[in-house]
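Structure assessment
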Amino acid sequence: DAGVTQSPTHLIKTRGQQVTLRCSPKSGHDTVSWYQQALGQGPQFIFQYYEEEERQRGNFPDRFSGHQFPNYSSELNVNALLLGDSALYLCASSLRQGVGYEQYFGPGTRLTVT
Amino acid sequence: KNQVEQSPQSLIILEGKNCTLQCNYTVSPFSNLRWYKQDTGRGPVSLTIMTFSENTKSNGRYTATLDADTKQSSLHITASQLSDSASYICVVMGGISGYSTLTFGKGTMLLVSP
């Protein structure tokens, strides 16, 4: 049973470009959350998708957008990249009605903006 | 404002020794508290999840405690191993299930030296 997978593993972009990160949730999970983790900091919640809709959103600008597909996989899009967007982007999946609402994290995508 | 504070920020201990990490939170309403272990550049891995009614929960050499009255939690690591070197993140879930939020601490960086 595959856990949460993310692609790509690493990515280097220049300022102003756009990037798309991908996430496949753990088998049986229906909810995907995205987090941004700067070096030395805890993860910051970006948004959460369930039933192909954005259900919750953290304090991130509209440059950050996402999508969830019918197979529950998800994409995170970031437009007009800034140097400050350099971070580890984590995807976490969970079962909406799961007890304790436990989230399983993927290995992350390391984004470097130059 | 929901906050999770962890201490110490970093810790160095000798292999085989025990250590205790602290977490204080101001998340309300409280749903559950989780401890995650995060290896450098990797996604967090869940160690324990505790609800309001649980005071102690163990996972191998890891034992977490929760005092919901004082809003404090600790993670005790027994007989530390080199592989325990990682960041340990305290995460508190608040709100109503299905519309809950996760508040992350910044983590305690643990280094176990030989």
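Everything below is about the structure shown above.
So, here's what we can say about the structure. On a predicted model such as this, the values are computed, not experimentally measured, just so you know.

Attention shifts here to the packing of aromatic side chains. According to the stated counting rule, one finds nine aromatic pairs over all chains in the structure shown. Aromatic pair B:Tyr25 and B:Phe30: ring centres 5.2 Å apart, planes at 25°, arrangement stacked. Neither B:Tyr25 nor B:Phe30 differs from the other in exposure class; each is buried. Here A:Lys26 stacks its cationic end above the ring of A:Tyr104, 5.2 Å away from the centre of that ring. Over the face of the ring belonging to B:Tyr62 we find B:Arg61, whose NZ or CZ atom lies 5.7 Å from the ring centre.

All names here are of chain B. Within the open sheet, the five strands sit side by side as E1-E3-E8-E7-E6. Their pairing is antiparallel. The open sheet is flanked by strand E1 (4–7) and strand E6 (56–59), the only strands paired with a single partner. Taken pair by pair, the neighbouring strands of this sheet meet at an average axis angle of 15°, ignoring direction. Judged from the six bridges that link them, strand E7 (residues 62–67) and strand E8 (residues 72–77) form a sheet pairing that is antiparallel. Considered in E8, the bridge of Ala 64 is made with Leu 75.

For the rest of this paragraph, the subject is the layout of surface pockets. Remark: the empty space left among the atoms is shown by a probe the size of a water molecule rolled over them. As a volume, the largest pocket reaches approximately 1,100 Å³. What lines the largest pocket is a set of 45 residues, and nearest its centre among them are A:Gln41, A:Gly42, A:Pro43, A:Gln44 and B:Gly105. Taken together, the elements giving at least two residues each to the lining of the largest pocket come down to strand E4 (31–37), strand E5 (44–50) and strand E6 (53–57) of chain A together with E1, strand E9 (86–94), strand E10 (101–104) and strand E11 (108–113) of chain B. Looking at the lining of the largest pocket, the element that brings in the most residues is E10(B), giving four residues. Looking at the lining of the largest pocket, its residues break down into 13 nonpolar, 26 polar and six charged.

Each value, and the rule that gives it
Residues numbered from 1 in each chain as written. Chains lettered and ligands numbered in written order. Predicted model: local features only at pLDDT ≥ 70, side-chain atom pairs only at ≥ 80, totals over all residues. Heavy atoms only, no water. Phe/Tyr/Trp six-rings, centres within 6.5 Å; stacked < 30°, edge-to-face > 60°. Buried < 20%, exposed > 50% of the residue type's maximum accessible area, 1.4 Å probe, protein only. Lys NZ or Arg CZ within 6 Å of the ring centre and 35° of its normal. Pairing = 2+ DSSP bridges. Helix = DSSP H or I, 4+ residues; strand = E, 2+ residues; numbered from the N terminus. Axes fitted to C-alpha atoms, helices over the stretch in contact; angles between N-to-C directions. 1 Å grid on protein atoms, 1.4 Å probe; cavity = no way out; pocket = protein on both sides within 12 Å on 5 of 7 lines; lining within 4 Å. Points joined across faces, edges and corners; volume = space filled by probe spheres on them. Nonpolar A, V, L, I, M, F, W, Y, C, P; charged D, E, K, R; others polar.

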